[in-house]
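Observations on the three-dimensional arrangement
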Amino acid sequence: MKTFKIGGIHPPENKISGNKEIKKLPLPEQVVIPLSQSLGSPSTPLVKKGDMVKVGTLIAESSGFISAYVHSSVSGKVAKIDKIIDSGGYGKDAVFIDVIGDEWEENIDLSETLVEECNLTSDEIISKIEKSGIVGLGGAAFPTNVKLMSGKDKVDTLIINGTECEPYLTDDHSLMLEKGAELLVGIRILMKALNVQNALVGIENNKKDAIKHLEVLSRKYPSIKIIPLKVKYPQGGEKQLIDALTNRQVPGGKLPADVGVVVQNIGTVFAVYEAVQKNKPLVTRIVTVTGKRLKDPMDVWVRIGTPVKQLIEFAGGVPDGTRKIIAGGPMMGKAIVNTDVPITKGMSGILLMSETESMRKTSRVCIRCGQCANVCPLKLIPSSLMTFVDFEEWSKAEKFNITDCLECGSCSYTCPSNRPLLDYIRAGKGKVNQIIRNRK
Amino acid sequence: METKLIISPSPHIHSGDSIEKKMYGVLIALIPAFIVSLVFFGLGALVVTLVSVFSCVLFEYLIQRFLLKEKTSISDGSAVITGVLLAFNLPSNLPIWIIIIGALVAIGIGKLTFGGLGRNIFNPALVGRVFLLISFPAQMTVWPEPGFFPMTYLDATTGATTLNMIGNHFGTIPDYTSLLLGKMRGSLGEVSAVALLLGFIFMLLRKIIQWYIPVFILLTVFLFTGIMNWINPAEYASPVIHLLSGGLLLGAVFMATDYVTSPVTKGGMIIYAVGIGIITSVIRLWGAYPEGVSFAILIMNAVTPLLNNYVKPERYGIRK
Amino acid sequence: MNTILLSVIILGGIGFLGVLILYFASKKFEVYEDSRIIQIQNILPAANCGACGFPGCSGFAAATVKSSSLDGLHCPVGGNAVMTRIAETLGQNVSQVMQQIAVVRCNGSCENRRRINKYDGEKTCFIASGLYGGETPCSFGCLGYGDCTKVCSFDAIRMNDETRLPEIDEEKCTACGKCIKACPKLLIELRKQGPKSRRIYVSCVNKDKPAVAMKACKVSCISCKKCEKVCSFEAIIIENNLAYIDDNKCRLCRKCVSECPNYAIKELNFPIKKEKVENI
């Protein structure tokens, strides 16, 4: 079975929320829609206090090359535009909307019928994706249209990431089981947008039912291949997935498009289907809410901007002894500062952890076992990089390719001395990138 | 009062691996070799091992507690390993007082003067062993005759090692079965190839070590001595005998792979291993000492920081 | 006899050959160094702190000799006294620079600022600030992991374990500016030392709206503008919800200090007696 060749780990999967129907979260009383939900510059608000909006109304427009449109996820009245504490504790501008009813913009097709035909041209599709505010739903939240433009007419293969290599998360799995037919339409739309004849869907082998389901559905389309992959983290990393499926390796500092590939997350594919075929902008997303002690772990459709609190209540409330709440998976997710933080486009899961699960052990001296270098999927030497950052030897860190790090956390996960390798490397990577930018 | 939520950078989970797990894994891997040494050297092997382990742990505790005044780290198992490895490199009839001096040098000078586990440059057990070899050459180069659970210690009958014999062209070399099982004269832990290989396989399966270092050391020695044997079979012994005798396997599997004193990257490991192989062969074939593994490892230990600094893997995705 | 002669000749010959090689090598590879560099190096404090922007004191010495004027070159550790001596040595003029001292513009001690989260990552400000705003509701204030104390070469800045804020030892601070670069929150500022070391400054950098800042910390600047109004010298500017006292205009009248409703303006080294009289 295929997989990537360098490094990798296999943390316990803990996919406890799977194999259930995807539920719909009831409408909250107020949503808070941050203006910076994607990578790049924050969007410019188009509404003001007191404005009435419907579901799907554009409330903020893209303000630069890498920036995204933002739509209202509920109908109601704009309460204010103010700062909201984001998951990191910093104040960020956001639009507060009081919910009144549930009225959608007229052109949005809310029916469940599958629309297969798509007669738009490549440029029309990409522009529609941009206008719908779609960003990568796997976590990085990079604007999808920018990625498509970078690869259009240049690449030969579209890769769909259905690996879901993060432990605990099951939202992609559920989506593949429930919306298989829509996903295949979405893949074909993306192929048309990119003008490619090949699509590979990589799915880790712990989701056998999803692989089977999509294989059966895709028989009609010989250009789409479903490929099972050996379970290994971080298979969902772009470079790792490309390596696993096509044997091509993206060199440091280059983009997947440079080796003829564009990677899209499976969640993004569904958003693309809805945007192009149903005129529905990105106002909902599927979120896994899970945790070993949570009463009812599950996957839920959530309106963007709903407070995390509401989602946890729906799944049975915060269990006693919960000390850490993570937006995303346990390997790359971010621990949030409080539960008033709104769900954003890039949040794929909410994971609750007790103190014993979440507290780090004291770090000890490096015994140079080399395990971190052995598991690093990008051939880095984390132990050396940590030392360079600690001593602020930026030029050495650069020479040892610190900027290639994808922050998968395999090094910290595996270190027998519990050293916070990634903490240092992440901080150092930011610093080195800044130095490189200043040089130009 | 509401409990404060914990915030921390990712990753939020850990494999649960620890220094202790690794160290005790190595100890388990050493068990087969210890059993073999008990069979062939009996009481002597037991006394030497126990004294060595006990004094290593005790010296680590005493020095850390009273001299350095820091938290003691004897529970992490690294001192125990040093003790066992030191004992494995000694003849089983060595007097107790010499073993204690060896342990003091190993722990005191080899390990703690550099700052303890993780900071030492040289393999502590080898530092102790080489110190004893140079200071007490008479006691360190007589080797008890293997028996079957012999109850002798200081009074054992002695003779020369296989390498000594092939180096100086005298005596009868043991047959291959004896070489494999370890029924020959030598340091108490180094004799049995089978037991050491069992330990090696165990450590590979448990992912305690990677295979590069041992395999490349053995390969280098095999090729080097093989070529010399091919050129002049009368002067140089066959490479198989070189592989199976002396401390080569013990050194390659357990001493050269010591985390702290071996390189971190694959490239570094291979250079380090080939270096050890060449130095060992050169000392064995032309040096004054019949055996050279200890010196080879110590010399390459000194090169390790350099290898860590200069041998880095090629950047991801860039192929030559 | 012959043996002795021979060994003397051989050894002497080797010695002589060595002398010749050394002599020519030293001639051939001689590096010319301005003798004034050594002179100036001897004047400099030899702290090698790098505060002047050059790698160590020798680098600074070389730079002073090389450049035609001393403008822009300053040794903050040695101060005016040292710079004057350097100028004398080089026969140049140097303008007097006002002696400065570092101040920490955050007073969010554990008492003033409640902790709402527990940070469990690596405890350095550099790493913590990359992902999180800190353990408190104020994302502008001091993180308390002491990166500033680690870079100080003079032991002039230390963490107070009770308040978890850094404190500056005025006797030792040389205004080298290293801590300023180390602080990711840009809390530390160099200010004029002032007569008798008396200084007044706003001990807060929170740029949140007043209501948010008020909730975050008991001693935050809430940009109420009272200080701006009371100041007779237009020394106080309010920008981005934050007051700032210009130390070039401030005359140390202390009116603003008592006016601030949130005790965000700090005064240092003023006699306490007088204040008591005012309070009564």
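My aim in this report is to walk through the structure given alongside it, one point at a time. (Residues numbered from 1 in each chain as written. Chains lettered and ligands numbered in written order. Predicted model: local features only at pLDDT ≥ 70, side-chain atom pairs only at ≥ 80, totals over all residues. Heavy atoms only, no water.)

Description of the packing of aromatic side chains
This model, assessed by the stated rule, comprises 15 aromatic pairs over all chains. An angle of 85° between the planes, with centres 5.5 Å apart, marks the rings of B:Trp97 and B:Phe136 as edge-to-face. With B:Trp97 in helix H3 (residues 96-111) and B:Phe136 in the loop between helix H4 (124-135) and helix H5 (137-140), this pair connects stretches of sequence that are 39 residues apart. Residue classification places B:Trp97 among the partly exposed positions, given a relative accessible area of 47%. Taking 6.3 Å as the distance between ring centres and 20° as the angle between the ring planes, the aromatic pair formed by B:Trp211 and B:Phe216 counts as stacked. On the basis of relative accessible area, B:Phe216 is assigned to the partly exposed category, the value being 21%. Taken together, A:Phe270, A:Tyr273 and A:Trp301 form an aromatic cluster joined through their ring pairs. Of note, A:Lys334 hangs over the ring of C:Tyr132, and the distance from its end group to the ring centre comes to 5.4 Å. When the ring centre of C:Tyr244 is taken as reference, the NZ or CZ atom of C:Arg191 above it lies at 5.6 Å. (Phe/Tyr/Trp six-rings, centres within 6.5 Å; stacked < 30°, edge-to-face > 60°. Helix = DSSP H or I, 4+ residues; strand = E, 2+ residues; numbered from the N terminus. Buried < 20%, exposed > 50% of the residue type's maximum accessible area, 1.4 Å probe, protein only. Lys NZ or Arg CZ within 6 Å of the ring centre and 35° of its normal.)

What to know about the pairing of strand E6 (residues 199-202) of chain C
Residue and element names in this part refer to chain C. Neither face of E6 is left uncovered, since the one carrying Arg-199 and Tyr-201 and the one carrying Ile-200 and Val-202 both have all their residues buried. Here four bridges tie E6 to strand E9 (residues 265-268), and the two strands are oriented antiparallel to one another. Paired with Ile-200 across the strands is Glu-267, a residue of E9. (Pairing = 2+ DSSP bridges.)

Quick word on the pattern of salt bridges
All names here are of chain A. A complete count under the given rule lists 42 salt bridges over all chains for this structure. The salt bridge partner of Lys-20 is Asp-296, with a shortest N-O separation of 3.5 Å. One end of the pair, Lys-20, is in the segment before strand E1 (23-24); the other, Asp-296, is in the loop between strand E13 (284-290) and strand E14 (298-303), with 276 residues separating them in the sequence. Given a relative accessible area of 31%, Lys-20 falls into the partly exposed group. (Salt bridge = Lys/Arg side-chain N within 4 Å of Asp/Glu carboxyl O.)

Structural notes on the packing of helix H4 (residues 180-194) of chain A against helix H5 (residues 208-217) of chain A
Helix packing geometry: the angle between the two helix axes and the distance between the axes. Residues and elements named next belong to chain A. Contact geometry for H4 and H5: axes closest at 10 Å, N-to-C directions at 60°. In terms of their interaxial angle, H4 and H5 are classed as oblique. Relative to H5, the crossing made by H4 is right-handed. Contacts between H4 and H5 involve Gly-180, Ala-181 and Leu-184 on the former and, on the latter, His-213, Leu-214 and Leu-217. (Axes fitted to C-alpha atoms, helices over the stretch in contact; angles between N-to-C directions. Parallel < 35°, antiparallel > 145°, perpendicular 65-115°, else oblique. Left-handed = near helix turned anticlockwise from the far one by under 90°. Contact = heavy atoms within 4.5 Å.)

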